[in-house]
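Here are the chains, one letter per residue:
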Amino acid sequence: MVQLLVSRGANINAFDKKDRRAVHWAAYMGHLEVMKLLVSHGAEVCCKDKKSYSPLHAAASSGMINVVKYLLHLGVDSKDGKTPLHMAAIHGRYSRSQAIIQNGAEIDSEDENGNSPLHIAARYGHELLINTLITNGADTAKRGIHGMFPLHLAALSGFSDCCRKLLFSGFDVDTPDDFGRTCLHAAAAGGNLECLNLLLNTGADFNRKDRFGRTALHYAAAN
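Conventions adopted
Residues numbered from 1 in each chain as written. Predicted model: local features only at pLDDT ≥ 70, side-chain atom pairs only at ≥ 80, totals over all residues. Heavy atoms only, no water. Buried < 20%, exposed > 50% of the residue type's maximum accessible area, 1.4 Å probe, protein only. Helix = DSSP H or I, 4+ residues; strand = E, 2+ residues; numbered from the N terminus. Arc of directions from axis to C-beta. Contact = heavy atoms within 4.5 Å. Phe/Tyr/Trp six-rings, centres within 6.5 Å; stacked < 30°, edge-to-face > 60°. Core = buried A, V, L, I, M, F, W, Y, C linked by side-chain atoms within 4.5 Å.

Caption draft 1: Broad picture of helix α11 (residues 160-167). Regarding α11, the residues found buried are Ser160, Cys162, Cys163, Leu166 and Leu167. One side of α11 carries all its buried residues, which in axial view fall inside an arc of 155 degrees. In the core, the buried residues of α11 are packed alongside α8 (117-124), α9 (127-135), α10 (150-157) and α13 (193-201).

Here it is as structure tokens:
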């Protein structure tokens, strides 16, 4: 069907209301042969939809490993630096993340903000994925955006179970980010009482000040 439409002169790079093209849909559904056909007829594989997702993002988010491998073989990458493992982490695709890891993904790869897949999983509260990444050697003390650690992001987003997983991997709870903010500052800013209690019970210093002279109490009062 695709071959027929293409041979009749269909606009191969036409996009829908969300700026998704035929290559996005072929990638998302895992139709490798359709993808190859579209590419052979000049389809743009680095195009982005309104969410800035490329066909590589689409294939990774839906776990279509065969399409991911094909696009990577073409040298396709995301302009924002997000790898297929980052995309799986955003969507919490546990089993698909395992498949991507087994296919040789770099566990601590960084996007343009310096965030690893573990940062992304922590930010979105994907506890099972956090466990998988840590089991496969992800660095819990790796700095991401603004020098924050995955625990900062989990605390800021209010995911106490994720905080617990990251805490028990040997992380120093009072390690600050680039602005001197500890994970307790992040929990207070996020307004999650369970995260705050968890960090306090782990021994977090509630009197510690950031570079602006603010303690966790300042952030709690503001939020």
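Still more to cover.
Caption draft 2: A look at the packing of aromatic side chains. Within the structure shown, the criterion is met by two aromatic pairs. With a centroid separation of 6.1 Å and 20 degrees between ring planes, the pair formed by phenylalanine 179 and phenylalanine 212 is classed as stacked. Here phenylalanine 179, found in the loop between α11 and α12 (183-190), pairs with phenylalanine 212, found in the loop between α13 and α14 (216-222); they are 33 residues apart in sequence, far enough to count as distant. Under the relative-accessibility criterion, phenylalanine 212 is labelled partly exposed at 49%.

Caption draft 3: The arrangement of unusual backbone geometry in detail. You will see that serine 52, though not glycine, has its phi angle at about 70 degrees, which is positive. Relative to the helices and strands, serine 52 is located in the loop between α3 (32-40) and α4 (55-61). Owing to a relative accessible area of 38%, serine 52 belongs among the partly exposed residues under this scheme. Although it is not a glycine, histidine 146 sits at a positive phi angle of roughly 60 degrees. Within the element layout of this structure, histidine 146 appears in the loop between α9 and α10.

Caption draft 4: The arrangement of the nonpolar core in detail. Core analysis: the biggest nonpolar cluster contains 57 residues, and Met35, Leu133, Leu151 and Leu199 have the highest contact counts within it. The residues contacting methionine 35, other than those within four sequence positions of it, are Val23, Ala26, Ala27, Pro55, Val67, Tyr70 and Leu71.

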